[in-house]
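This is what each chain is made of:
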Amino acid sequence: DVESGVRISGNVIARGDVTFASDVFVAGHVFSERDVWLGPACRVGRHTGTKTVYAAGRVLIANDVEVEGWVVAEGGGQTI
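Residues numbered from 1 in each chain as written. Predicted model: local features only at pLDDT ≥ 70, side-chain atom pairs only at ≥ 80, totals over all residues. Heavy atoms only, no water.

Participant: Explain the pattern of salt bridges residue by residue, including any values.
Facilitator: For the structure on display, the rule yields five salt bridges. For glutamate 33, the salt bridge identified is with arginine 15, shortest N-O distance 3.3 Å. Linking glutamate 33 in the loop between β5 (30-32) and β6 (36-38) with arginine 15 in the loop between β2 (12-14) and β3 (18-20), this pair joins segments that are 18 residues apart in sequence. A relative accessible area of 48% places glutamate 33 in the partly exposed class. Judged by relative accessible area, arginine 15 falls into the exposed class, the value being 67%. One salt bridge in this structure joins arginine 43 and aspartate 64, with 3.3 Å as the shortest N-O distance. Within this pair, whereas arginine 43 is found in strand β7 (residues 43-44), its partner aspartate 64 is found in the loop between β9 (59-61) and β10 (66-67), the two being separated by 21 residues in sequence. The exposure class of arginine 43 is partly exposed, given its relative accessible area of 23%. A relative accessible area of 54% means that aspartate 64 is categorised as exposed. (Salt bridge = Lys/Arg side-chain N within 4 Å of Asp/Glu carboxyl O. Helix = DSSP H or I, 4+ residues; strand = E, 2+ residues; numbered from the N terminus. Buried < 20%, exposed > 50% of the residue type's maximum accessible area, 1.4 Å probe, protein only.)

As structure tokens, then:
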């Protein structure tokens, strides 16, 4: 779990679920062996490069989320 307003300059890799509260920025990739939840106003990647959000499970995306690249969800996804 990542709290609101956190800035991560690298990648996020987890064997379990990845949950971002609101307004989280990740400069790198996000990989999860389970589910990924991207809370409101989260950002993954920068305009200058392509990054990936990957979940072996599901990806749930809230309002105003921006991913500069691919979103892959082996188990499906949903906007909420």
